[in-house]
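Breakdown of the fold
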Amino acid sequence: MLPGYGFSGIPKTTLGPQDTGGMMSQLMRDVLGHAQYGVQVGDWGSVIGARMALDHPGGIAALHVNTLPLRPGIGPDDPPLSDKESAWLAEAKKHLRDETA
């Protein structure tokens, strides 16, 4: 369960996917005692699970997402996109606009 959802308490600070992924990784390792574990996620969990895999890969034996959360970097400090990446990003934006709620 994600912090602030369902029956969990309201976090004292704003938590993004990276912070939440760190909390979930810590929960699995330090609280529940799993050296390795599988992560199966969807919706917002896909973003959080992807951050877990990027930031804490040692504990994750397998990752399954049913929403593709990662996109090429498009921030001001990221390198320019290649033609292939630009075409993919345009198609992903079209799909998001036309095919999702």
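Refer to the preceding data block for the structure.
Note that the coordinates shown come from a computational prediction; the quantities given were computed from them, not determined experimentally.

Let us now look at the pairing of strand S2 (residues 60-65). Inspection of the sheet shows strand S1 (residues 37-41) paired to S2 by five bridges, in the parallel sense. Paired with Val 41 across the two strands is Val 65, which belongs to S2. In this fold, the crossover linking S1 to S2 by way of helix H2 (residues 44-55) has right-handed handedness.

This part takes up the pattern of salt bridges. Applying the stated rule across the entire model yields three salt bridges. Between Arg 51 and Asp 55 there is a salt bridge, with the nearest N and O atoms lying 2.9 Å from each other. Here the residue Arg 51 and the residue Asp 55 both occupy positions in helix H2, the gap between them amounting to four residues, near one helical turn. According to the relative accessible area criterion, Arg 51 is partly exposed, its value standing at 25%. Residue Asp 98 is joined to Lys 94 by a salt bridge in which the shortest nitrogen-to-oxygen separation is 3.3 Å.

This next bit is on the nonpolar core. In a soluble, globular protein the nonpolar side chains are often hidden away together inside. Met 24, Tyr 37, Val 39, Val 41, Ile 48, Met 52 and Ile 60 form the largest nonpolar core, which has seven residues in total. For this core, the elements supplying multiple residues, two or more each, are S1 and H2. Other than its neighbours up to four places away in sequence, Ile 60 contacts Gln 36, Tyr 37, Val 39, Met 52 and Ala 53.

A few words now on the packing of helix H1 (residues 17-31) against H2. The contact between H1 and H2 brings their axes to 8 Å, and the two run at 70°. Considering their axes alone, H1 and H2 lie roughly perpendicular with respect to each other. In terms of crossing hand, the pair formed by H1 and H2 is right-handed. Counting all contacts with H1, which are made through Pro 17, Gln 18, Thr 20, Gly 21, Met 24 and Ser 25, the residues of H2 involved are Trp 44, Val 47, Ile 48, Arg 51, Met 52 and Asp 55. A per-class count over the contact of H1 with H2 returns six nonpolar, four polar and two charged.

So, how was this worked out
Residues numbered from 1 in each chain as written. Predicted model: local features only at pLDDT ≥ 70, side-chain atom pairs only at ≥ 80, totals over all residues. Heavy atoms only, no water. Pairing = 2+ DSSP bridges. Helix = DSSP H or I, 4+ residues; strand = E, 2+ residues; numbered from the N terminus. Right-handed = clockwise from strand over helix to strand, strands pointing away. Salt bridge = Lys/Arg side-chain N within 4 Å of Asp/Glu carboxyl O. Buried < 20%, exposed > 50% of the residue type's maximum accessible area, 1.4 Å probe, protein only. Core = buried A, V, L, I, M, F, W, Y, C linked by side-chain atoms within 4.5 Å. Contact = heavy atoms within 4.5 Å. Axes fitted to C-alpha atoms, helices over the stretch in contact; angles between N-to-C directions. Parallel < 35°, antiparallel > 145°, perpendicular 65-115°, else oblique. Left-handed = near helix turned anticlockwise from the far one by under 90°. Nonpolar A, V, L, I, M, F, W, Y, C, P; charged D, E, K, R; others polar.

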